Amino acid sequence: MEINLEDIFQNKIDNEVKIEPRDWMPEKYRKTLIRQISQHAHSEIVGMLPEGNWITRAPNLRRKVALLAKVQDEAGHGLYLYSAAETLGMTRDEMYNELHTGKAKYSSIFNYPTLSWADMGAIGWLVDGAAIMNQVPLCRTSYGPYARAMVRVCKEESFHQRQGYEIMMSLCNGTPEQKTMAQDALNRWWWPSIMMFGPNDDNSPNSAQSMKWKIKRFSNDELRQKFIDVTIPQAELLGLTVPDKDLKWNEARGHYDFGIINWDEFNNVVAGNGPCNKQRLKARVDAWNNGEWVRDAANAYAQKRKNRVKSGQQAA
Amino acid sequence: MNQNEWPLWEVFIRAKQGLSHKHVGSLHAADYQMAIENARDVYTRRMEGVSIWVVESNNLYANEPNEQDALFEPATDKIYRHPTFYVLPEELNHM
């Protein structure tokens, strides 16, 4: 019987029929999705922190409203994704708990510090650019609620990247000091950005299953290559140099060749030892704990109003 | 832990006058007013709506997906419910 259900399920996937919350699905599909979607949601939420750092110090009002709107979008993206994950049977509180206890991961890029205003440009351009590259294929992922959430996310994300690139352009067309700031930001964000696509394909054991289930549509290395190919001309347009001495156009492949990624650094940050892991997690845990009285008060108020309505009905 | 979790609400948005409300997602809120205000912030930041409905998720009932075939099968063989079932002369206009 089990095998039969699994065949029906795979048949739907092969025919591009979306899986919806109450449909039968293999337990491992459910678990994989819960892990991936909640991790994605956590990344959006923690991703507000590095940029939130610069809202009060944005150089002018135009930059400030744009950054504020971007950070607010990220909160929204986190919420779309959390509710998509909840349709798979995990509660919001359980997901928060996994984040706060360090059991769940989030994108390791957000464990790097934002040292200058130019980092707002580099993050929008590179980090959001890499995220878009990852997210566009997810609009066609096999699980309906995840795909629908990603359509909303992608629609909103393109402004994020454009505002980042515009910041970089202003700095590169500004004083020599401003251009140096932009180059410094690129130097620091380049490698972490291309690590965002995850381990190399031959080192990514769950990828094959995720491709078969059409959770993923492209491999980590394919997406990484695509990102590098579109980003290099953008760096050239800014007059900036990508910090990779092995980077060069390969005519035969029709792609850029690039240097070896420092996976030790990546693994170290994922393991919790990046420059800001502790700070980021503490900010989330503090926000949760300090908000407890608000959540309780809102519950108590809602309960009181419910009781009032009930006693009113009884009287009538 | 979950006793204190705010209930889940399903959110429906009317994109513009003349269209029906459409399900857009869900969110947590302590009561319906908070649900509407949060839905405004989460789902209509770019003028996606002119009206919001919220329904507490545990008030929503649905058919069983594994009984889907039995529920919808009766409609599959009734092609006479479609206009193309009826064969009429080519010369006939406005029908």
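Residues numbered from 1 in each chain as written. Chains lettered and ligands numbered in written order. Predicted model: local features only at pLDDT ≥ 70, side-chain atom pairs only at ≥ 80, totals over all residues. Heavy atoms only, no water.

Quick notes on empty space enclosed by the protein
Residues and elements named next belong to chain A.
Inference 1: Inspection of every chain in the model, using the stated rule, returns one cavity of 30 Å³ or more.
Inference 2: By volume, the largest cavity is sized at about 30 Å³.
Inference 3: Every residue lining the largest cavity is listed: Ile13, Glu16, Val17, Lys18, Thr141, Ser142, Lys214 and Arg217.
Inference 4: Of the residues in the lining of the largest cavity, the class split is two nonpolar, two polar and four charged. (1 Å grid on protein atoms, 1.4 Å probe; cavity = no way out; pocket = protein on both sides within 12 Å on 5 of 7 lines; lining within 4 Å. Points joined across faces, edges and corners; volume = space filled by probe spheres on them. Nonpolar A, V, L, I, M, F, W, Y, C, P; charged D, E, K, R; others polar.)

Description of helix H7 (residues 144–172) of chain A
Inference 1: Helix length check: H7(A), at 29 residues, gives a terminal C-alpha distance of 42 Å against a target of 42 Å (1.5 Å per residue), a fit within 8%.
Inference 2: The largest bend along H7(A) reaches roughly 30° and is located at Glu156(A). (Helix = DSSP H or I, 4+ residues; strand = E, 2+ residues; numbered from the N terminus. Expected span 1.5 Å × (residues − 1). Bend = angle between axes of the 7 residues up to and from the residue.)

Digging into a nonpolar patch on the surface
Inference 1: A cluster of nonpolar side chains, contributed by Ile79(B), Tyr80(B), Phe85(B), Tyr86(B), Leu88(B), Leu92(B) and Met95(B), occupies part of the molecular surface with about 780 Å² of accessible area.
Inference 2: Topologically, Ile79(B) is positioned in the segment after helix H2 (68–72). (Patch = residues over 30% accessible without salt bridge, like charges linked within 9 Å, V, L, I, M, F, W, Y side chains within 5 Å. Areas by Shrake-Rupley, 256 points an atom, 1.4 Å probe, with all protein chains shown as cover. Salt bridge = Lys/Arg side-chain N within 4 Å of Asp/Glu carboxyl O.)

A closer look at the packing of aromatic side chains
Inference 1: Per the stated rule, a full pass over the model turns up 15 aromatic pairs over all chains.
Inference 2: Pairing Tyr80(A) with Tyr43(B) gives two aromatic rings, centres 5.6 Å apart and planes at 25°, and the pair type is stacked. Residue Tyr80(A) is found in helix H4 (residues 61–86), and its partner Tyr43(B) is found in helix H1 (residues 32–43); the two belong to separate chains. Comparing Tyr80(A) with Tyr43(B), the two get one shared label, buried.
Inference 3: Between Trp190(A) and Phe227(A), the aromatic rings sit 6.3 Å apart at their centres with planes inclined by 25°, giving stacked as the arrangement. With Trp190(A) in helix H8 (residues 176–195) and Phe227(A) in helix H10 (residues 220–238), the pair connects residues that are 37 residues apart, well separated along the chain.
Inference 4: Ring pairing ties together the aromatic residues Phe9(A), Trp24(A), Tyr29(A) and Trp213(A), which thus form one cluster.
Inference 5: In this arrangement the basic side chain of Arg152(A) is found over the ring face of Tyr80(A), its NZ or CZ atom lying 4.9 Å from the centre.
Inference 6: Over the ring of Phe218(A) we find Lys226(A), and its NZ or CZ is 5.5 Å from the ring centre. (Phe/Tyr/Trp six-rings, centres within 6.5 Å; stacked < 30°, edge-to-face > 60°. Buried < 20%, exposed > 50% of the residue type's maximum accessible area, 1.4 Å probe, protein only. Lys NZ or Arg CZ within 6 Å of the ring centre and 35° of its normal.)

Considerations on the sheet that holds strand S1 (residues 8–14) of chain B
Residue and element names in this part refer to chain B.
Inference 1: Read across the open sheet, the three strands follow the order S2-S1-S3; overall the sheet is antiparallel. Both edges of this open sheet fall to strand S2 (22–28) and strand S3 (51–56), since each of them pairs with a single strand only. Each strand axis lies, on average, 30° off the axis of its neighbour in the sheet, ignoring direction.
Inference 2: Contacts between H1 and the sheet are confined to S1, S2 and S3, with S2 contributing the most and set at about 115° to the helix. (Pairing = 2+ DSSP bridges. Axes fitted to C-alpha atoms, helices over the stretch in contact; angles between N-to-C directions. Contact = heavy atoms within 4.5 Å.)

Observations concerning the pairing of S1(B)
Residue and element names in this part refer to chain B.
Inference 1: Burial within S1 is extensive, with five of its seven residues counted as buried.
Inference 2: Across six bridges, the pairing between S1 and S2 is antiparallel. The residue of S2 that forms the bridge with Phe12 is His23.
Inference 3: Of the strand pairs in this sheet, S1 and S3 are connected by six bridges, and their pairing is antiparallel. Its bridge partner being in S3, Arg14 is matched across the sheet by Ser51.

Regarding the interface of chain B and chain A
Inference 1: Each partner contributes residues to the interface: chain B has 23 residues there, and chain A has 26 residues.
Inference 2: Counting across the interface, chain B meets chain A through six salt bridges.
Inference 3: We note a salt bridge from Glu64(B) to Arg22(A), for which the minimum N-O separation is 3.5 Å.
Inference 4: Our enumeration of links across chain B and chain A arrives at 16 residue pairs in polar contact (both at pLDDT 80 or more).
Inference 5: Of all elements in the fold, only S2 and H1 of chain B reach the threshold of two or more residues within the side of chain B that touches chain A.
Inference 6: The element contributing the most residues to the side of chain B that touches chain A is H1(B), with five residues.
Inference 7: The class makeup of the residues in the side of chain B that touches chain A is 11 nonpolar, six polar and six charged. (Polar contact = N/O pair within 3.5 Å; in protein donor to acceptor, adjacent residues only side chain to side chain.)

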